[in-house]
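# Coordinate analysis (summary)
What follows is each chain in one-letter form.
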Amino acid sequence: MARPTTTSTTVRTTPAARRNALPGRLSPGMACDTAFRIIARRHLDAVLAQHDGTCRGDPDALHQIRIALTHLRTAIRFFSPMVDDALRPNVWAELKWLNGQLGMVRDLDVAIERIVAESGKELAVVAELQHWDEKRTESHRLLARALQSARYRRLVEQTSIWIESGPWSTRRSKEAMRLRRCTLAEHATERLAEWETTLLKKARKLRKLDVEKRHKLRILNKRLTYSIESLQDLFAEESLTKQKSILKKLRKAQRSLGRLNDDARGHALAASLNGAGLEASNRFRNRKREKTLLRTASTAYRKLDKTKPFRSSDLAPSSEPEV
């Protein structure tokens, strides 16, 4: 079924003028303040690259802009408390607002695709999907308005300025200076180990978690996955096999948890369509499917638990930044 589009003049947004040219790649000995700017710039640029397509109603652009936004929010978490200054709560709140605007339309896209894939072109289903498409059309209209708003433009500008020269970058306390000067290798090794330990501890109780706690586990999984992906430049050739192995397990668990979350969201959306989605809601409740997905995720976590966590020796010692 065709997706609705919105015809309008899209907002052209560009980040604030950048203070300094930065290396094109990360390196293990790089200071954390430089590394944060490189990573955050990449992901903010990726958000902007998908702006027009998302405004037009392209589901793929919407999916990519959400991924880029999650990468950006993960980078901010990864480098806290270095970046935890007076402006960070406002930056975070605005990024969270944008994620919420994107989330409703994406949830509807996933639910509609699921119904179509499982039901084909049955007339009853086609009629039922009219309610879903009406909801999707209205939600996209609101999203396009948000992406063309003054609030969105301020978000981009303020986030860009904060990344480049927020208060976090000029604080003169010994601790603040230490955090900025800490090498990326040292910080990344400690952070990845910490997040992996937390994830695996919670994953051991996966089968006992309710929908909300399972969703939180999924967020932890995504946070670790995206952080490893953002640090791609750091891994030496001999460490790539280990990195790929860890990512494979994390992504396998992520897919299963994501499908479980899609089922929960699809059921909730169906129930919200004033009775029009009650028939569809049954498609999002399948105990056999749930057991299979939980088993797949649990197996991935058991295998991950047997893998040695990242060490500083896994990072490329001879890697140099490219100017």
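These figures come from a predicted structure and were not determined experimentally.

Each helix and strand in the protein chain was counted, giving 12 helices and zero strands. For the protein chain, the N- to C-terminal ordering of α and β elements is α-α-α-α-α-α-α-α-α-α-α-α. Residues counted as buried form 52% of the 323 residues belonging to the protein chain. Taking contacts inside the protein chain between residues at least 6 apart in sequence as the whole, the part at least 24 apart equals 80%.

Take the packing of helix 1 (residues 32-49) against helix 3 (residues 59-78) next. At a closest axis distance of 8 Å, the pairing of helix 1 and helix 3 adopts a crossing angle of 160°. Judged on the interaxial angle alone, helix 3 and helix 1 are roughly antiparallel. Note on packing geometry: the crossing formed by helix 1 with helix 3 is left-handed. Where helix 1 approaches helix 3, its residues Phe36, Ile39, Ala40, His43, Leu44, Ala46 and Val47 are matched on the opposing element by Ile65, Ala68, Leu69, His71, Leu72, Ala75 and Ile76. Within the contact of helix 1 with helix 3, the residues separate by chemical class into 12 nonpolar, two polar and no charged.

In total, this model carries 16 salt bridges according to the counting rule given. A salt bridge links Glu290 to Arg287, with the shortest nitrogen-to-oxygen separation between them at 3.0 Å. Taken as a pair, Glu290 and Arg287 lie in helix 12 (residues 287-305) at a separation of three residues, close to a single helical turn. What makes Arg287 exposed here is its relative accessible area of 52%. Among the charged side chains, a network of salt bridges with common partners joins Arg25, Arg42 and Asp233.

Thresholds applied
Residues numbered from 1 in each chain as written. Predicted model: local features only at pLDDT ≥ 70, side-chain atom pairs only at ≥ 80, totals over all residues. Heavy atoms only, no water. Helix = DSSP H or I, 4+ residues; strand = E, 2+ residues; numbered from the N terminus. Buried < 20%, exposed > 50% of the residue type's maximum accessible area, 1.4 Å probe, protein only. Contact = heavy atoms within 4.5 Å. Axes fitted to C-alpha atoms, helices over the stretch in contact; angles between N-to-C directions. Parallel < 35°, antiparallel > 145°, perpendicular 65-115°, else oblique. Left-handed = near helix turned anticlockwise from the far one by under 90°. Nonpolar A, V, L, I, M, F, W, Y, C, P; charged D, E, K, R; others polar. Salt bridge = Lys/Arg side-chain N within 4 Å of Asp/Glu carboxyl O.

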